[in-house]
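Chains, contacts and geometry: an overview
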Amino acid sequence: KEIVSVVMQSRGGPVTPILLGLSTATVAAGGAVDAPYARFHPLDLSSVVNRGIKTGGPRGWPDVEGNDLREFETGKVVLAGIPAWIASGEKSCLMLDTPKARALREDGTAKGSFVEEATIPVGKKADAVFFLQTSMYGAGSVDYVVEYDDGGRRRVSMVGKKNMWDWWKRIDFLPPQVRIAWKGTNPFARRAVYVYWYEWRNPQPDKVIRDIHVRQPDEPTSGIPVLLGITLAQGNRTTSTNPPARR
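Owing to the predicted nature of the structure, the values given are computational and were not obtained by experimental measurement.

This structure, assessed with the given rule, holds 1 cavity of 30 Å³ or more. Of the voids in this model, the largest cavity is the one considered here, and its volume is about 50 Å³. Surrounding the largest cavity, Leu94, Met95, Leu96, Val142, Tyr144, Val214, Pro225, Val226 and Leu227 form its lining. Counting only elements with at least two residues in the lining of the largest cavity, the list comes to β8 (142–148) and β13 (224–234). Grouping the constituent residues of the lining of the largest cavity by class yields 9 nonpolar, no polar and no charged.

In structure tokens:
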């Protein structure tokens, strides 16, 4: 049904509410639909993921029992209007061997191994790349290095508290490249936990992307960044919100 108007009424009390803005969105599959691209191609990350989204076992989510992403759906999903392919089974996400991951292994919280870096084969062109991600034990940092068929590269840097946040944190003012992809809970947290989309506009959409490399940044990161999916987008979009690309 069409919304004719929105009425704001005061219920009294010592605090005066202030309305700064209002927007509308269509809701489907758990999120607001904002899909300006004509086609999407979710990548299959099953060959590189190394950790589960539930605690327990040698490859489980590295946290106390129950504090995990067990409500997060795997397989072919649509999040905030963008399709994704989340690996199912024992392993569903990629975590690098950050200083925090090593500390968790040493104190026995985490079992099994993490990886220093990972390479995801692509072999397609894209106007934009969407990274489905979050971070645990603080807002971590990670680099995605996009490698083209001609050997050229672009580094897409995720920096803690700028475009990457801890999964327990609710961020009310997100940069334009970031949107909430999923909001859930778990038995331990008793609060909302979050997964985000980051949109990177490809400055060279006519080139085939050969691979995407996932690496730790030059400076040691806090926390453990978590990559759950990557989706390529095709179709023109006239505006760009990318910061200057670093090579």
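The next subject is the sheet that holds strand β12 (residues 209–215). In any sheet, the strands associate via hydrogen bonds between backbone groups, in a parallel or an antiparallel arrangement. What the 4 strands build is an open sheet, ordered β6-β12-β8-β9; its pairing is antiparallel. The open sheet has two free edges, formed respectively by β6 (118–124) and β9 (153–158), since each of these has just one partner strand. On average, each strand axis in the sheet is inclined to that of its neighbour by 20 degrees, with strand direction left out of account. Here β8 pairs with β9 via 6 bridges, running antiparallel. Bridge pairing in β9 links glutamate 147 to arginine 153.

The topology assignment puts proline 217 in the loop between β12 and β13. Through-space distance from the C-alpha of proline 217 to that of valine 159 is 9.0 Å; in sequence the pair is 58 residues apart. The residues contacting proline 217, other than those within four sequence positions of it, are Ser141, Val142 and Asp143.

Below, the discussion takes up the nonpolar core. In this structure, Val129, Phe131, Tyr144, Ile212, Leu227 and Ile230 are the most contacted members of the largest nonpolar core, which totals 33 residues. For this core, the secondary structure elements donating two or more residues are β6, β7 (128–136), β8, β9, β11 (193–201), β12 and β13. For phenylalanine 131, the contacting residues outside a window of four places in its chain are Tyr144, Val156, Tyr196, Trp197, Tyr198, Trp200, Ile212, Leu227, Gly229 and Ile230. The next biggest cluster of nonpolar side chains, apart from the first, holds 32 residues, and it includes Ala110, Trp182, Ala189 and Leu228.

On to the pairing of β13. A large share of β13 lies buried, amounting to 10 of its 11 residues. Pairing between strand β3 (residues 39–42) and β13: 4 bridges, direction antiparallel. Bridge pairing in β13 links phenylalanine 40 to alanine 233. Pairing of β7 with β13 involves 9 bridges; the strand directions are antiparallel. Residue pairing across strands places phenylalanine 131 opposite isoleucine 230, the latter belonging to β13.

This brings us to the sheet that holds β7. The strand order across the open sheet formed by 5 strands is β3-β13-β7-β11-β10, and the pairing between neighbours is antiparallel. This sheet does not close on itself; its edge strands, each paired only once, are β3 and β10 (178–184). Averaged over all pairs of adjacent strands, the angle between their axes in this sheet comes to 25 degrees, without regard to strand direction. In terms of strand pairing, β10 meets β11 through 6 bridges, oriented antiparallel.

Turning next to the side chain of glutamine 133. In this structure, glutamine 133 sits in strand β7. Exposure remark for glutamine 133: the relative accessible area of 2% places this residue in the buried category. A polar contact of 2.7 Å, which involves the side chain of glutamine 133, links it to the side chain of tyrosine 144.

Geometrically, a pair of aromatic rings is defined through the distance of the ring centres and the angle of the planes. With the rule as written, the count across this model stands at 11 aromatic pairs. With a centroid separation of 6.3 Å and 85 degrees between ring planes, the pair formed by tyrosine 37 and phenylalanine 40 is classed as edge-to-face. Accessibility expressed as a relative area gives 6% for tyrosine 37, which makes it buried. When its relative accessible area of 23% is taken as the criterion, phenylalanine 40 is described as partly exposed. Centre to centre, the rings of phenylalanine 72 and tryptophan 182 are 5.2 Å apart; their planes meet at 90 degrees, and the pair counts as edge-to-face. Of the two residues, phenylalanine 72 is situated in the loop between β3 and β4 (75–79) and tryptophan 182 in strand β10; the sequence distance between them amounts to 110 residues.

Where charged atoms from two side chains of opposite charge come close, those side chains can pair. Counted under the stated rule, the structure contains 14 salt bridges. Residues aspartate 97 and arginine 102 are paired through a salt bridge, measuring 3.9 Å at the closest nitrogen-oxygen approach. Residue classification places aspartate 97 among the buried positions, given a relative accessible area of 8%. Overall, arginine 102 belongs to the partly exposed group, its relative accessible area being 30%. By sharing partners, the salt bridges in this structure join Glu147, Asp149, Arg153 and Arg210 into a single network.

Definitions and cut-offs
- Residues numbered from 1 in each chain as written.
- Predicted model: local features only at pLDDT ≥ 70, side-chain atom pairs only at ≥ 80, totals over all residues.
- Heavy atoms only, no water.
- 1 Å grid on protein atoms, 1.4 Å probe; cavity = no way out; pocket = protein on both sides within 12 Å on 5 of 7 lines; lining within 4 Å.
- Points joined across faces, edges and corners; volume = space filled by probe spheres on them.
- Helix = DSSP H or I, 4+ residues; strand = E, 2+ residues; numbered from the N terminus.
- Nonpolar A, V, L, I, M, F, W, Y, C, P; charged D, E, K, R; others polar.
- Pairing = 2+ DSSP bridges.
- Axes fitted to C-alpha atoms, helices over the stretch in contact; angles between N-to-C directions.
- Contact = heavy atoms within 4.5 Å.
- Core = buried A, V, L, I, M, F, W, Y, C linked by side-chain atoms within 4.5 Å.
- Buried < 20%, exposed > 50% of the residue type's maximum accessible area, 1.4 Å probe, protein only.
- Polar contact = N/O pair within 3.5 Å; in protein donor to acceptor, adjacent residues only side chain to side chain.
- Phe/Tyr/Trp six-rings, centres within 6.5 Å; stacked < 30°, edge-to-face > 60°.
- Salt bridge = Lys/Arg side-chain N within 4 Å of Asp/Glu carboxyl O.

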